[in-house]
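# Secondary and tertiary structure notes
Read off the chains here:
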Amino acid sequence: MRKVFQEELTQVGEQLVEISKLVSEAIDKATTAFEGADIDLAQDVIAADARIDFLQNSLDERAIDILALQGPVASDLRMIVGSLRMSASLERMGDLARHIAQLARLRFPAMVIPPQLADTFKSFAEQDLLIANKLTELLETRDLEVARDILKANATVNDLHLSVFKAIARSDWNESPATTVDVALASRYFERFADHGVSVAQKVTYLVTGAWHPNSTETS
């Protein structure tokens with residue numbers, strides 16, 4: 001029974017990695033669609049989000065079955081409960097990638113972002129994709145240096161998010177109300193994507209160390 005239990009835990013971990021890889025693919029395609037007004041790519045992201053949702057539900061059902069049938073000890077219980085929480089964050093990251101793609105589709109054939117903020121949102125995309133790729137690496141290796149890389153990237157995203165709101169509050173901001181809303185929403189989507197990545201990184205750190213610091217922003 002213990003061997004079966006360990007195999008089930010391994011499968012939960014493998015499902016987390018699979019979801020994480022799909023999230024990386026989603027944010028990569030979503031940001032490409034967003035930057036290039038590519039409606040076909042945007043539609044691919046929107047359609048593919050159902051796969052992430054399905055895998056999250058499957059993982060959660062497996063984890064609940066383990067809780068109900070196996071009577072896990074404390075360390076295993078942390079792993080299972082942590083996996084449930086991580087799957088929820090990864091699913092939300094998939095949703096946020098979909099939201100970015102939906103903005104691209106909504107404004108097609110126009111660009112969502114005005115030219116003066118193009119570089120800012122390109123940096124957003126680079127940092128979010130880095131976080132997504134690092135999450136997969138972290139889930140596979142449990143290397144806490146990778147977790148620190150995620151925190152550093154998130155700090156950059158927070159700075160970018162703040163810069164966007166400063167830009168739209170300036171007296172020389174002359175874009176339409178619709179564009180202003182789009183910019184604010186897009187910035188929020190990119191920022192929340194990174195936040196959920198940090199949430200997963202913190203939970204992996206807890207599983208490795210046994211220490212929980214949910215409000216830690218240390219990046220050193």
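See the structure printed just above.
In this report, the structure presented in the accompanying data block is examined. (Residues numbered from 1 in each chain as written. Predicted model: local features only at pLDDT ≥ 70, side-chain atom pairs only at ≥ 80, totals over all residues. Heavy atoms only, no water.)

## Section: the overall build of the chain
- Each helix and strand in the chain was counted, giving 6 helices and 0 strands.
- Put simply, the chain runs from its N terminus to its C terminus through helices and strands in the order α-α-α-α-α-α.
- Taken against the 2.2 N^0.38 rule, which gives 17 Å for 220 residues, the C-alpha radius of gyration of the chain at 19 Å falls within 12% of a compact globule.
- Each principal axis of the C-alpha distribution contributes one length, and for the chain these read about 65 × 40 × 25 Å.
- A burial count over the chain gives 47% of its 220 residues as buried.
- The contacts in the chain between residues at least 6 apart in sequence include a share of 83% that link residues at least 24 apart.
- Split by element, the accessible area of the chain, about 10,800 Å² in all, is 52% carbon and sulfur. (Helix = DSSP H or I, 4+ residues; strand = E, 2+ residues; numbered from the N terminus. Rg over C-alpha atoms; globule rule 2.2 N^0.38 Å. Buried < 20%, exposed > 50% of the residue type's maximum accessible area, 1.4 Å probe, protein only. Contact = heavy atoms within 4.5 Å. Areas by Shrake-Rupley, 256 points an atom, 1.4 Å probe, with all protein chains shown as cover.)

## Quick look at helix α6 (residues 177–209)
- In a regular helix each residue adds 1.5 Å, so 33 residues correspond to 48 Å; α6 covers 48 Å between its end C-alpha atoms and thus fits that length.
- Looking at the residues trailing α6, positive phi occurs at G210, about 80 degrees. (Expected span 1.5 Å × (residues − 1).)

## Side note on the side chain of T31
- On the secondary structure map, T31 appears in helix α1 (residues 2–36).
- Filtering out sequence-adjacent residues up to four positions away, T31 remains in contact with A125 and F190.

## Side note on the nonpolar core
- Formed by 64 residues in total, the largest nonpolar core has its most connected members in F34, L90, I113, F121, L138, L139 and V183.
- Elements supplying a minimum of two residues to this core: α1, α2 (39–70), α3 (74–107), α4 (118–141), α5 (144–169) and α6.
- Every residue in contact with F121, bar those within four places of it in the chain, is listed here: F34, E35, I113, V164, V183, A186, S187 and F190. (Core = buried A, V, L, I, M, F, W, Y, C linked by side-chain atoms within 4.5 Å.)

## Brief notes about the packing of α4 against α6
- Relative to each other, α4 and α6 sit at 20 degrees, their axes nearing to 10 Å. By the angle between their axes, α4 is roughly parallel relative to α6. Two packed elements cross with a definite hand, and for α4 against α6 that hand is left-handed. Side by side, α4 and α6 meet where F121, F124, A125, D128, I131, A132, L135, L138 and L139 of the first sit next to V183, A186, S187, F190, F193, A194, G197, V200, A201 and V204 of the second.
- The residue inventory of the contact of α4 with α6, partitioned by class, reads 16 nonpolar, 2 polar and 1 charged. (Axes fitted to C-alpha atoms, helices over the stretch in contact; angles between N-to-C directions. Parallel < 35°, antiparallel > 145°, perpendicular 65-115°, else oblique. Left-handed = near helix turned anticlockwise from the far one by under 90°. Nonpolar A, V, L, I, M, F, W, Y, C, P; charged D, E, K, R; others polar.)

## Here's the deal with the environment of L130
- Mapped onto the elements of the fold, L130 is located in helix α4.
- Counting along the chain gives 19 residues from L130 to D149, while the straight-line C-alpha distance between them is 9.0 Å.

## Observations concerning unusual backbone geometry
- Geometrically, the link from F108 to P109 is a cis peptide bond, its omega value of 10 degrees lying close to zero.
- The backbone phi angle of A37 is positive, close to 50 degrees, even though this residue is not glycine.
- With respect to the element layout, A37 can be found in the loop between α1 and α2.
- Judged by relative accessible area, A37 falls into the buried class, the value being 12%.
- For R142, which is not glycine, the phi torsion reads 60 degrees and is therefore positive.
- Tracing the backbone through its elements, the reader meets R142 in the loop between α4 and α5.
- Relative accessible area serves as the criterion here: at 34%, R142 is assigned to the partly exposed category.

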